[in-house]
Amino acid sequence: MTQQHTQKIAYFSMEVGIDPRMATYSGGLGILAGDTLKTAADMSLPYVGVTLLTRKGYFRQSISKKGQQTEAPQVWPVDKQLTKCKPVITLTLEGHAFKVRAWRYDARGLTGHVVPVYYLDTDIAGNPSELRTLSHHLYGGDNRYRLMQEWVLGTGGVKMLRALGYQALSCFHMNEGHAAFLTFELLAEQLKRHKRARAGKSDIDTVKQQCVFTTHTPVPAGHDRFGIKEAKRLLGDHPMWKLTRHFMPDKTQLNMTHLALAFSRYVNGVARKHAEVSRAMFPNHTIDAVTNGIHVPTWIAPPISKLLDTCIAEDWRLENDHLRYALTLPLKDLDRAHQVSKDKLIELINKKSSVKFKKKVFTIGFARRATPYKRANLIFKNIDRLKQIAEKVGAFQLVFAGKAHPKDEGGKALIHAIHEAAEQLGRDIPTVYLPNYDINLAKCLIPGVDIWLNNPEPPMEASGTSGMKAALNGVPNLSILDGWWIEGCVEGLTGWGIGNPDKSSTAADARALYKKLEKVITLYYQDHSAFVTIMRNAMALNGSYFSTQRMLREYCIRAYYGG
Ligand SMILES: *Cc1c(COP(=O)(O)O)cnc(C)c1O
């Protein structure tokens, strides 16, 4: 049998960030998808990935001196990175038939197992020009554009897998609601198999038996919704429209999360707290928790991996749990390895910006999607207090990065506010905002700072993964107790929590942040070996647990093969 005939699990994601040369991701969701696919290859799982090709990417971010973001397309050489597949399938939107093809990427695991990832492409000669653009921009265009893209991903994805020869798939994993139209196609397949025009209870159950859904956002506006009239007009006649009472509590709106929830046998949130919040949002559904992780070989910095190779006998790449033996690393060696990453980051900052960073000064890192609830400017709430800390306990410098969605004015205002604060702080607290946060920049930035700061408004953080990348590299977290950090924080041992999540307010959280920061900087300068011990604990305790390897094992037991 060829591989196609034995693959069991199809993983669908609107974005996949698997290779820095392919601009098919915007942030956390895509990086998680990429890390998941790479890990499935490492674990030799019978896995296949499906996503949309985005030839012009999300966007390339430039920022003016004053802090204004501008966006440009991020075109990349598709035919250099991907292999064109033979099959061409046909889909219909608004009555127009059009062609879809796929491009293949091979995620090769540590022992050689390959997980193929298929990128769906509508930019084919002969297709109507509007439909050709569906494989251009990630999260671009309007609601109509998004609806059409999701139709291509969901129904096109299932049709393409069949055309490629994947007949034995037993599980379709929807990474977020974007892919939920795959349920439409699975229902159509079921009716065709039984030569029925109208679906009954058993047909719904058959679809449900095949689907697994991971929800990612506790922000209600983050769930895709489309007007039902527009959806029916664009997507056309379908047996699913007879079943709307099962997945449309609101008769006027097609909500992709409700669709996915109604047709999945297993649903999960991406951290324990997030699952709890999701259960409150969707009280009629059973929602489990599988906490996110990261692909260790991707996110560990070379100086740290070299050190681990010298000091740990066990293969920590194949068995990420072995990272717990990092507890035996000599503190001096760990400090030195971290300084190598730090020097590299500071050289980059000093090359790119007019602000001058120093290699021996305590460095705070913050990089996330720029959007209001992440509160990137919280640390500037009280500039005088911040200056006092620097005077009292020791110098520090701040590095920021992150893109704002082109339509997120609040996010853009945050970037601007940070630039203003940087101006105001001048040389007292050197502050830079590095433009165009992407995989390559993340690999330099995260391991190169001394502390990883994260201060969203709780409980908005579903999981967060950049803090896991930091911990893996011996960079402790200083974070609001939300998302993964509720599980990862052992106060004063693996890092530090900020504030009280049940009594969160901007003023209270800022005060709590200043208090902790003072404590952490004091420790860094006054009792440095105690600080490095915490760095080591972060690696051993957070790094060994928050991996996509542990995460995928849980999906295997609870979602794919168990339950
Ligand atoms: C890890 C990563 C993210 C996600 O970070 P969060 O902590 O989940 O916000 C986003 N962008 C890039 C480039 C990353 O590497």
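Now for a look at the structure at hand. (Residues numbered from 1 in each chain as written. Predicted model: local features only at pLDDT ≥ 70, side-chain atom pairs only at ≥ 80, totals over all residues. Heavy atoms only, no water.)

### So, the packing of helix α14 (residues 331-352) against helix α21 (residues 528-545)
Put simply, the rule reads: The axes used here are C-alpha line fits, helices contributing only the stretch in contact, and every angle between their N-to-C directions lies in the interval 0 to 180 degrees. Helix and strand assignments come from DSSP, with helices taken as H or I runs of at least 4 residues and strands as E runs of at least 2, each series counted from the N terminus. Any angle from 65 to 115 degrees is called roughly perpendicular, while one under 35 is roughly parallel, one over 145 is roughly antiparallel, and all others are oblique. Contacts are assigned to residue pairs with any non-hydrogen atoms lying within 4.5 Å of each other. Charged residues are taken to be Asp, Glu, Lys and Arg, nonpolar residues to be Ala, Val, Leu, Ile, Met, Phe, Trp, Tyr, Cys and Pro, and polar residues to be all remaining types, Gly included.
Contact geometry of α14 with α21 gives a least axis separation of 10 Å together with a crossing angle of 80°. Relative to α21, the element α14 lies roughly perpendicular. Contacts between α14 and α21 involve L331, L334, D335 and H338 on the former and, on the latter, H528, S529, V532, T533, M535, R536 and M539. Classifying every residue of the contact of α14 with α21 gives five nonpolar, four polar and two charged.

### Section: the packing of aromatic side chains
Stated formally: Side-chain rings of Phe, Tyr and Trp (the six-membered ring for Trp) are treated as a pair once their centres are within 6.5 Å; stacked means planes under 30 degrees apart, edge-to-face means over 60, and tilted covers the remaining angles. Each residue's exposure class comes from its accessible area (1.4 Å probe, protein chains only) as a fraction of the maximum for that residue type: buried when under 20%, exposed when over 50%, partly exposed otherwise.
Tallied over the full model, the rule gives 23 aromatic pairs. A ring pair is formed by F184 and W241, whose centres lie 5.3 Å apart and whose planes are at 75°; its orientation type is edge-to-face. A residue pair is termed long-range when its members are at least 10 positions apart, and F184 in helix α6 (residues 182-193) and W241 in the loop between α8 (228-235) and α9 (244-247) qualify at 57 residues. Residue F184 is classed as buried on the basis of its relative accessible area of 0%.

### Some thoughts on the pattern of salt bridges
The condition is simple: One speaks of a salt bridge when a side-chain nitrogen belonging to Lys or Arg is within 4 Å of a carboxyl oxygen belonging to Asp or Glu.
Inspection of the entire model under this criterion finds 35 salt bridges. For the salt bridge of K273 with E276, the shortest nitrogen-to-oxygen distance reads 3.7 Å. On the criterion of helical spacing, the pair formed by K273 and E276 is a turn pair, its members being three residues apart in helix α11 (residues 272-281). On the accessibility criterion, E276 (46% relative accessible area) is partly exposed. Across the pair D309 and R317 runs a salt bridge whose closest N-O atoms are separated by 3.0 Å. When its relative accessible area of 41% is taken as the criterion, D309 is described as partly exposed. It is possible to trace a salt-bridge network through shared partners that takes in R55, R101, D121, D123 and R132.

### Digging into the pairing of strand β12 (residues 266-269)
Rules: A pair of strands counts as paired when DSSP detects no fewer than two bridges linking them. By definition, the crossover connecting two strands over a helix is right-handed if that path, from the first strand to the second, turns clockwise as seen with the strands pointing away from the viewer.
Side chains Y266 and N268 project from β12 onto one buried face, and the interleaved V267 and G269 project onto a second face that is buried too. Pairing of strand β9 (residues 211-214) with β12, which is carried by three bridges, proceeds in the parallel orientation. When the bridges of β12 are listed, V212 appears paired with Y266. As defined by bridge partners, β12 adjoins strand β13 (residues 288-289) across two bridges and the pair is classed as parallel. Looking across to β13, one finds that G269 is bridged to A289. A crossover links β12 with its parallel partner β13, the connecting element being α11, and its sense is right-handed.

### Describing the sheet that holds β12
Strand order in the open sheet formed by nine strands is β5-β6-β7-β2-β1-β8-β9-β12-β13, and the pairing between neighbours is mixed. A single partner strand is all that each edge strand has here, and the edge strands are β5 (83-93) and β13. In this fold α6 packs onto β1 (9-13), β8 (171-175) and β9, with an angle of close to 160° to the strand it touches most, β8.

### Section: the site of the ligand
Quick note on the threshold: To be near a molecule or strand, a residue needs just one of its heavy atoms within 4 Å of it. Under this definition, polar contacts are N or O atom pairs within 3.5 Å; protein pairs additionally need one hydrogen-donor-capable and one acceptor-capable atom, and for neighbouring residues in sequence, both atoms have to be side-chain atoms. Note that accessible areas follow from Shrake-Rupley with a 1.4 Å probe, and for residues the cover is restricted to the protein chains shown.
Around the ligand sit 14 residues, and of these W299, R368, T465, S466 and K469 come closest. Here S466 contributes a side-chain N or O atom positioned 2.5 Å from an oxygen atom of the ligand. At a separation of 2.6 Å, an oxygen atom of the ligand approaches a polar side-chain atom of K469. Computed on the free molecule, the ligand has an accessible area of 390 Å², of which 93% lies beneath the protein chains in the complex. Elements supplying a minimum of two residues to the shell around the ligand: α2 (28-42), α17 (439-448) and α18 (466-472).

### Description of the sheet that holds strand β19 (residues 495-498)
Taken in spatial order, the six strands of this open sheet run β16-β15-β14-β17-β18-β19, and their pairing is parallel. A single partner strand is all that each edge strand has here, and the edge strands are β16 (431-434) and β19. The mean inter-strand angle of the sheet, taken between neighbouring strand axes irrespective of direction, is 20°. Taken together, the six bridges between strand β14 (residues 362-367) and strand β15 (residues 396-401) define a ladder with parallel strand orientation. In the sheet register, F366 faces β15, and the bridge partner there is F400. Relative to β15, α17 is tilted by about 160°, and along the sheet it contacts β14, β15, β16 and β17 (451-454).

### Here we look at the packing of helix α13 (residues 302-311) against α14
Viewed as axis vectors pointing N to C, α13 and α14 meet at an angle of 155°, and their least axial separation amounts to 8 Å. Classified by the interaxial angle, the pair formed by α13 and α14 is roughly antiparallel. Contacts between α13 and α14 involve P303, I304 and L307 from the former and D333, L334, A337, H338, V340 and S341 from the latter.

### Examining the side chain of Q339
One can find Q339 in helix α14. By relative accessible area, Q339 is classed as buried at 15%. Excluding its chain neighbours within four sequence positions, the residues that come into contact with Q339 are K359 and K360.

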